[in-house]
Amino acid sequence: MRVFLETYGCQMNFADSEVVASILQTAGHSVVTEIGDADVVLINTCAIRDNAEQRIRHRVRELRAMQARNPRLRIGILGCMAERLQSQLMAEEDNVSLVVGPDAYRRLPELLQRIGAVTHSSVSQAAVDSTRSSTFGSPNLGEQPEMLPASDTASDRGSHSSPKLGEVARRAGGVCPKPAPAGGVCQTPALAAVELSTTETYADIEPVRLASNGISAYISIMRGCQNYCAYCVVPYTRGRERSRDPETILREARTLYSQGYKEVTLLGQNVNSYRHADVGFPQLMEAVAGIAPDLRVRFATSHPKDLSDDLLRVMAAHPNICRCIHLPVQSGSDRILKLMNRHYDSAWYLGRIDAIRRYLPDCSITTDVIVGFCSETEEEFQATLDLFRRVRYDYAYMFKYSLRPDTYAARHLADDIPDAVKGRRLEELIALQGQIALENNRLEVGRDYEVLVEGESHRSKERLFGRNSQNKVIVFDRRDARPGEYRRVRVTDCTAATLLGDLIP
Ligand code: SAM
Ligand code: SF4
């Protein structure tokens, strides 16, 4: 089959789509770059906030028009939204034929074959097959299977024990045929595979670098998360944390380097808790940085509770580990941080910022923050503004709190900040951060940086852009520079988002 992959959400989703492409190609399917050439559109989804899900719902409905023109076109939903909604998605979006969670991608070839082969008259046969193989494939298919352990006690939050994933896996472990609507005529036979795993890391799969610039690539080093931040759906959609064998990570990084890549970004929800046997994250970073001095190494994301001095020492000892740490703070208020179950307070967080500045004086620091979390007062929001003034981030991803069903916050806390107040706080924070970023960038004018050239500037073919170690984008006149090269650039001007510079001959 010809498959078109459409990806939404975080870097991990983009890395997952590259694994999916590899699984499909190995099975003889082809990945096409034009949606009009596809037999199947697979949408890799994000469930982190409601607006992300709404956008994807909208897209799925939009694709109906294409299906009307090409009735053989199938649509599959992959990733976090597939895991969160499972059969509810199939019930509500009747043009969807496949729902596949993040740990079930190895089953895609078999599932594609089944949706490709199934005709209206053979649907009931598929249903029989799958109910035999699954406890999830119950005849009562209109119901959403219970996805999460339904514990209502305060002690379940913040517990780092498994969310009874074995149970989830057993319930959700099979291939679930979509029910025929009342009347018995099944128009879009659908299958779901949403089992979560405690071991799957796709370590043996060499990702197909989709839309690659041939210069930088992602490497997933771990999957899942069990931090259970009160607002966050990830532990429920991606399962327990597990780390990939370091040898396979090193092999992937060496292969990329031998293919000409100059930068790898190691990805995980909380990379600082990477552990495989006796290898922790600092040792892994050291090994990857040791592959070649001209291979830049980045990583994301660090949880402040786990950012160790050991890692900062390794970074300081290796100039090719990039001087940029993404350290999500989420809130400047200690009461809100506790409610969020973040396991640190603002003093601990600021202590980690001081440590970064001590070991790595030229390190850029970026963050994620949520405004309008349950019961956040004006004073508590002011504490977030104060923390931003103190840390002076180079960049921040700023969000309004979005209630996610089944999380601790959804079950125990009221989403009681009116949307207009959340919006006003967000605007205030964005304005402050914009001002800080501009002031930080003005300090860069006159400095020289080594820039990894990535490509043409969007605005002019005569200009190229690249990034410095701090991950700041620098735009400069092309002259004799080429993508993939390291070039020295002097910063001459800036906006809040971009540095402008001149090549140093
Ligand atoms: N694992 C990373 C961490 O803990 O920092 C990032 C995970 S998440 C994919 C990225 C960001 O989305 C979070 O840092 C948080 O700021 C934001 N986020 C997560 N859940 C949210 C929610 N329910 N509402 C608003 N923002 C949310
Ligand atoms: Fe979500 Fe917290 Fe895990 Fe990040 S650390 S993925 S915010 S639960």
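Whatever comes next refers back to the structure up there.
Our subject in this report is the structure included herewith. Being a predicted model, the structure only gives us computed values, none of them experimental.

Along the backbone of the protein chain there are 17 helices and 22 strands. The buried share among the 505 residues of the protein chain stands at 57%. Summarising the internal contacts of the protein chain: among those between residues at least 6 apart in sequence, 74% fall at separations of at least 24.

Enumeration according to the criterion identifies eight aromatic pairs in this entry. Centre to centre, the rings of Tyr 231 and Phe 373 are 6.2 Å apart; their planes meet at 85 degrees, and the pair counts as edge-to-face. Of this pair, Tyr 231 sits in the loop between β9 (222-223) and α9 (234-238) while Phe 373 sits in the loop between β16 (364-371) and α15 (378-391), and the two are 142 residues apart along the sequence. Its relative accessible area of 0% is what places Phe 373 among the buried residues.

Next up on the list: the site of ligand 2. Every residue near ligand 2 is listed here: Cys 225, Asn 227, Tyr 228, Cys 229, Tyr 231, Cys 232, Val 234, Pro 235, Gln 269, His 303 and Arg 342. Tallied by class, the residues present in the shell around ligand 2 amount to seven nonpolar, three polar and one charged.

Okay, the nonpolar core next. Within the largest apolar cluster, 56 residues are counted, with the highest numbers of intra-cluster contacts made by Ile 221, Leu 266, Phe 281 and Phe 299. Residues contacting Phe 281, with those up to four places away along its chain left out, are Ile 221, Leu 266, Val 271, Asn 272, Tyr 274, Phe 299 and Leu 311. Counting residues in each nonpolar core, the second largest holds 24 residues, with Val 32, Ala 82, Leu 85 and Val 96 among its members.

A separate point is the site of ligand 1. In the vicinity of ligand 1 lie 15 residues, with Gln 269, Pro 328, Gln 330, Asp 368 and Ser 402 positioned nearest. In the environment of ligand 1, an oxygen atom lies 3.4 Å from a nitrogen or oxygen atom belonging to the side chain of Arg 342. Within the contact set of ligand 1, a nitrogen atom lies 2.7 Å away from a backbone nitrogen or oxygen of Ser 402. Protein contacts shield 91% of the accessible area of ligand 1, which totals 560 Å² for the unbound molecule.

On to the sheet that holds strand β17 (residues 395-400), then. The strands making up a sheet are joined through hydrogen bonds of the backbone, oriented either antiparallel or parallel. A sheet is described by the order of its strands in space; here three strands give the open sequence β15-β16-β17, paired in parallel fashion. Among the strands making up the open sheet, the edge pair consists of β15 (324-326) and β17. If you compare each strand with its neighbour and ignore which way they point, the axes differ by 10 degrees on average. Two elements, β16 and β17, share six bridges in a ladder whose sense is parallel. Note that in β17 the partner of Thr 367 across the bridge is Ala 396.

Moving on, we come to the pattern of salt bridges. For the structure on display, the rule yields 47 salt bridges. Two residues, Lys 461 and Glu 456, come together in a salt bridge whose shortest N-O distance is 3.9 Å. What makes Glu 456 partly exposed here is its relative accessible area of 37%. Salt bridges sharing partners connect three or more residues here, namely Asp 16, Asp 103, Arg 223, Arg 238 and Arg 242.

Before going further, it helps to examine the packing of α15 against helix α17 (residues 419-444). Any two packed helices are characterised by the angle at which their axes cross and by the distance between the axes. Axis separation between α15 and α17 bottoms out at 10 Å; the angle between their running directions is 15 degrees. As far as their axial angle goes, α17 and α15 are roughly parallel. In the crossing of α15 with α17, the sense of the turn from one axis to the other is right-handed. Across from Glu 378, Phe 381, Gln 382, Thr 384, Leu 385, Phe 388 and Arg 389 in α15, the residues of α17 making contact are Val 421, Arg 424, Arg 425, Glu 428, Leu 429, Leu 432, Gln 433 and Ile 436.

Further remarks concern the environment of Ile 221. With respect to the element layout, Ile 221 can be found in the loop between β8 (216-220) and β9. Given a relative accessible area of 0%, Ile 221 falls into the buried group. Here the alpha-carbon distance between Ile 221 and Arg 244, two residues 23 residues apart in the chain, equals 5.4 Å. Ignoring any residue separated from it by four or fewer positions in sequence, one finds Ile 221 in contact with Ser 243, Arg 244, Ile 249, Leu 266, Leu 267, Val 271, Tyr 274, Phe 281 and Leu 284.

Turning our attention to helix α2 (residues 50-62). Every α-helical turn comprises 3.6 residues, leaving residues that sit three or four positions apart pointing alike. A rise of 1.5 Å per residue sets the reference length of α2, with its 13 residues, at 18 Å; its end C-alpha atoms lie 18 Å apart and thus fit the reference within 8%. What α2 keeps buried is the set Ala 52, Glu 53, Ile 56, Arg 57, Arg 59 and Val 60. All buried residues of α2 project into a common sector of 160 degrees when viewed along the axis, lining one side. Along α2, the residues that are exposed and aim more than 90 degrees away from the buried face are Asn 51, Arg 55 and His 58. Each element contacted by the buried residues of α2 is listed here: β1 (2-7), β3 (40-45), α3 (64-69), β4 (74-79), α4 (80-85) and α5 (87-92).

Let us look at the sheet that holds strand β11 (residues 263-267). If you trace the three strands from one edge of the open sheet to the other, you get β8-β11-β14, paired in parallel fashion. Whereas interior strands pair on both sides, the edge strands pair on one side only; in this sheet they are β8 and β14 (296-300). Sheet twist, expressed as the average angle between the axes of neighbouring strands with direction ignored, equals 25 degrees. Bridging between β8 and β11 involves five bridges; their strand directions are parallel. Residue pairing for β11: Ser 216 is matched across the bridge by Glu 263.

We now examine the side chain of Thr 301. With respect to the helices and strands, the residue Thr 301 is situated in the loop between β14 and α12 (309-317). Take Thr 301: its relative accessible area is 19%, and that puts it in the buried class. Those residues within four positions of Thr 301 in sequence are excluded, and the remaining contacts are Gly 268, Gln 269, Asn 270, Val 271, His 326 and Pro 328.

For β4, the tally of buried residues reaches six of six residues, placing the bulk of the element in the interior. Pairing of β3 with β4 involves six bridges; the strand directions are parallel. What sits directly across from Val 40, in β4, is Arg 74. Pairing analysis gives three bridges linking β4 to strand β5 (residues 98-100), with the strands arranged parallel. Note on β5: the bridge partner recorded for Ile 77 is Val 99.

The rules behind these values
Residues numbered from 1 in each chain as written. Chains lettered and ligands numbered in written order. Predicted model: local features only at pLDDT ≥ 70, side-chain atom pairs only at ≥ 80, totals over all residues. Heavy atoms only, no water. Helix = DSSP H or I, 4+ residues; strand = E, 2+ residues; numbered from the N terminus. Buried < 20%, exposed > 50% of the residue type's maximum accessible area, 1.4 Å probe, protein only. Contact = heavy atoms within 4.5 Å. Phe/Tyr/Trp six-rings, centres within 6.5 Å; stacked < 30°, edge-to-face > 60°. Near = heavy atom within 4 Å. Nonpolar A, V, L, I, M, F, W, Y, C, P; charged D, E, K, R; others polar. Core = buried A, V, L, I, M, F, W, Y, C linked by side-chain atoms within 4.5 Å. Polar contact = N/O pair within 3.5 Å; in protein donor to acceptor, adjacent residues only side chain to side chain. Areas by Shrake-Rupley, 256 points an atom, 1.4 Å probe, with all protein chains shown as cover. Pairing = 2+ DSSP bridges. Axes fitted to C-alpha atoms, helices over the stretch in contact; angles between N-to-C directions. Salt bridge = Lys/Arg side-chain N within 4 Å of Asp/Glu carboxyl O. Parallel < 35°, antiparallel > 145°, perpendicular 65-115°, else oblique. Left-handed = near helix turned anticlockwise from the far one by under 90°. Expected span 1.5 Å × (residues − 1). Arc of directions from axis to C-beta.

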